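# Residue-level structure breakdown
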Amino acid sequence: MTDLTVDDVRARLSTAIREAGSQKLFAARAGVSAAYVNDIIHGRRAPGERVLAAIAVQRVERFVSLRGQS
């Protein structure tokens, strides 16, 4: 498992779109709208579970202590 930034996720999405042939084809395969995919690419919306699943990424929430070990 590798930590990814939002930019990394967008880059993976862009690659998947190129491999699919277009945003419209990728969106159809992922079960979302092409407008939604476009919004993700341009940073207007966060990728949801369907898009993340289509690019083999999982969102994980983390909490980190700013103090010593507790």
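Heads up: the structure comes first, above all this text.
What comes next is a walk through the structure. Here, residues in each chain are numbered from 1, in the same order as that chain's written sequence. Confidence filtering applies because this is a predicted model: local features only for residues at pLDDT of at least 70, side-chain atom pairs given and counted only at 80 or more, and all residues used for totals across whole chains, interfaces and linings. Hydrogens are left out, water is left out, and the side-chain values use all remaining heavy atoms of the structure.

What follows concerns the pattern of salt bridges. Each reported salt bridge corresponds to a side-chain nitrogen of Lys or Arg within 4 Å of a carboxyl oxygen of Asp or Glu. Summed over the entire model, instances satisfying the criterion amount to four salt bridges. In this structure, Arg-62 and Asp-3 form a salt bridge, with 3.2 Å as the shortest nitrogen-oxygen distance. Placement of the pair is Arg-62 in the segment after helix H4 (49-54) and Asp-3 in the segment before helix H1 (6-20), with a sequence separation of 59 residues. Both residues of the pair, Arg-62 and Asp-3, count as exposed. A helix here means a DSSP run of H or I that spans at least four residues, while a strand means a run of E at least two residues long, and both kinds are numbered starting from the N terminus. The buried label goes to any residue with under 20% of its type's maximum accessible area, the exposed label to any with over 50%, and the partly exposed label to all in between, with areas taken from a 1.4 Å probe on protein chains only.

Before going further, it helps to examine the nonpolar core. Formed by 16 residues in total, the largest nonpolar core has its most connected members in Leu-13, Phe-26, Val-32, Val-37, Val-51 and Ile-55. Mapped onto this core, the elements with two or more residues apiece are H1, helix H2 (23-30), helix H3 (34-41) and H4. In terms of residues, this core owes the most to one element, H1, which gives five residues. Here Val-51 is in contact with Leu-13, Phe-26, Val-32, Tyr-36 and Ile-40, once residues within four sequence places are set aside. Nonpolar cores are built from buried Ala, Val, Leu, Ile, Met, Phe, Trp, Tyr and Cys residues. Side-chain atoms within 4.5 Å join them into one set. Residues count as neighbours in contact if any of their non-hydrogen atoms are within 4.5 Å of one another.

The next point concerns H1. By this rule the span expected of a helix is its residue count minus one, scaled by 1.5 Å. Its 15 residues give H1 an end-to-end C-alpha distance of 21 Å, which sits within 8% of 21 Å, the value for a rise of 1.5 Å per residue. Looking at H1, one finds that the buried residues are Val-9, Leu-13, Ala-16, Ile-17 and Ala-20. Each buried residue of H1 lies within a common arc of 100° when the element is viewed along its axis, so the set occupies one face. Residues of H1 that are exposed and point more than 90 degrees away from the buried face comprise Asp-7, Arg-18 and Glu-19. Buried residues along H1 sit in contact with H2, H3 and H4. Note that the arc is computed from the directions linking the helix axis to the C-beta atoms.

Turning next to the packing of H1 against H3. All axes are obtained by fitting lines to C-alpha atoms, using only the stretch in contact for helices, and the reported angles, taken between N-to-C directions, cover 0 to 180 degrees. Across the interface, H1 lies against H3 with an axial gap of 10 Å and an inter-helix angle of 140°. One element, H1, and the other, H3, form an angle in the oblique class. In terms of crossing hand, the pair formed by H1 and H3 is left-handed. Only Val-37, Ile-40 and Ile-41 of H3 make contact with H1, whose side of the interface consists of Arg-10, Leu-13, Ser-14 and Ile-17. When grouped by side-chain class, the residues that make up the contact of H1 with H3 number five nonpolar, one polar and one charged. Here the word oblique covers every angle except those under 35 degrees (roughly parallel), over 145 (roughly antiparallel) and from 65 to 115 (roughly perpendicular). Should the near helix be turned counterclockwise from the far one by less than a right angle, the crossing is left-handed, whereas a clockwise turn marks it as right-handed. Three classes are used, and their members are as follows: Ala, Val, Leu, Ile, Met, Phe, Trp, Tyr, Cys and Pro are nonpolar, Asp, Glu, Lys and Arg are charged, and the others, Gly among them, are polar.

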